[in-house]
Amino acid sequence: VTVAYFSSWGPTDDGRVKPDICGMGVNVLSTGSGSNTDYVTLSGTSMSSPNVTGTLYLLQEYYAQKNAGNFMRSATLKALACHTAFDAGKVGPDYIYGWGLLDMKKAAQTITDKGTKSMITENTLSQGQTQTYDGIASGDGTVSATIAWTDPQGTPSAEGTLNDRTPKLVNDLDIKISDGTTTYNPWVLDPANPSLAAT
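Given the structure is predicted, the values throughout are model-derived calculations rather than measurements. Per-chain numbering applies: the sequence of each chain, read as written, is numbered from 1 onward. Residues qualify for local features only when their pLDDT is at least 70, as the model is predicted, and side-chain atom pairs are given and counted only at 80 or more; totals for whole chains, interfaces and linings, by contrast, use all residues. The side-chain values count all of the structure's non-hydrogen atoms but skip hydrogen atoms and water molecules.

1. Section: the packing of helix 1 (residues 45-66) against helix 3 (residues 104-112)
Note on method: axes are straight lines fitted to C-alpha atoms, helices fitted across the in-contact stretch only, with angles between N-to-C directions ranging 0 to 180 degrees. For helices the rule is a DSSP run of H or I covering at least 4 residues; for strands it is a run of E covering at least 2, with both sets numbered from the N terminus onward. Where helix 1 contacts helix 3, the axes come no closer than 10 Å and their chain directions differ by 15 degrees. By the angle between their directions, the pair helix 1 and helix 3 is classed as roughly parallel. Here helix 1 runs over helix 3; the crossing is right-handed. On the side of helix 1, the interface is formed by Thr55, Leu58, Leu59, Tyr62, Tyr63 and Lys66, while helix 3 contributes Met104, Ala107, Ala108, Ile111 and Thr112. As a working rule, the residues Ala, Val, Leu, Ile, Met, Phe, Trp, Tyr, Cys and Pro are called nonpolar, Asp, Glu, Lys and Arg charged, and the rest polar, with Gly in that last group. Within the contact of helix 1 with helix 3, the residues separate by chemical class into 8 nonpolar, 2 polar and 1 charged. Oblique is the label for every angle not falling under 35 degrees (roughly parallel), over 145 degrees (roughly antiparallel), or within 65 to 115 degrees (roughly perpendicular). Helix crossings get a hand from a simple test, with the near helix turned counterclockwise from the far one by less than a right angle marking a left-handed crossing and a clockwise turn marking a right-handed one. Contacts are assigned to residue pairs with any non-hydrogen atoms lying within 4.5 Å of each other.

2. Remarks on the nonpolar core
In these notes, a set of buried Ala, Val, Leu, Ile, Met, Phe, Trp, Tyr and Cys residues joined through side-chain atoms within 4.5 Å is what counts as a nonpolar core. Burial classes follow relative accessibility: with a 1.4 Å probe on protein chains only, a residue under 20% of its type's maximum area counts as buried, one over 50% as exposed, and anything between as partly exposed. Counting 16 residues, the largest nonpolar core has Ile21, Leu56, Leu59, Met72, Leu102 and Ile111 as the members making the most contacts within it. Here Leu59 is in contact with Met72, Leu77, Met104, Ala107, Ala108 and Ile111, once residues within four sequence places are set aside.

3. Quick look at helix 3
Restricting attention to buried positions, one finds in helix 3 the residues Ala107, Ala108, Thr110 and Ile111. Looking straight down helix 3, one finds its buried side chains confined to an arc of 155 degrees; they lie on one side. Each element contacted by the buried residues of helix 3 is listed here: helix 1 and helix 2 (74-84). Under the rule applied, a polar contact is a pair of N or O atoms within 3.5 Å (in protein, one hydrogen donor and one hydrogen acceptor; residues adjacent in sequence only if both atoms are side-chain atoms). Between the side-chain oxygen of the N-cap and the backbone nitrogen of Lys105 there are 3.3 Å, and the N-cap of helix 3 in question is Asp103. Directions are taken from the helix axis to each C-beta atom, and the arc is the one they span.

4. Things to note about helix 1
Take the residue count of a helix, subtract one, and multiply by 1.5 Å to get its expected span. Taking 1.5 Å per residue, 22 residues should reach 32 Å; helix 1 reaches 31 Å between its end C-alpha atoms and fits that length. Of the positions making up helix 1, those classed as buried are Met47, Ser48, Val52, Thr55, Leu56, Leu59, Gln60, Tyr63 and Ala64. Where helix 1 is buried, its residues meet strand 1 (28-31), strand 2 (39-42), helix 2 and helix 3. One or two steps after helix 1, the chain reaches Ala68, where phi turns positive at roughly 55 degrees.

Written out as structure tokens, the structure reads:
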């Protein structure tokens, strides 16, 4: 996976990961306007955005087929896309590729495996509340978890303020995985040193 030279990179001023994911957007065969049968090769967000949004809608449609017609919440869909993305760049998230290249096959398989090899849950937490899930690892691959939520709008920086590191998150949720002996914390990036790998 190689990011296009014209792609924007993160982080946000307060250090959040952006982009979230990447999608194919260079030299994509698409319809043209020359005739009813015209095709052209194009590059840019006009190619990557419909690629990603179309894929996400197909995942919603597939999820609905498997879940009595119910769609995932937007945060759940984001978590699924980020969790199953093909890791590109440095290991873990980074400010160039986000969580990686959108991987429809892996995301769809995660929906298929819901309740057996994977868990997709949607909950609401109150201030200070914790939620614990117990699971048994299969021993076949890495145990990983992703949390996402729809956050209310934060307080914008004052007009003319540049590179304000003040956090914009209103709700700041944390996730940890423990095997009973060792606790594993989530990936962390350093916005002051954006080229460093996540730890």
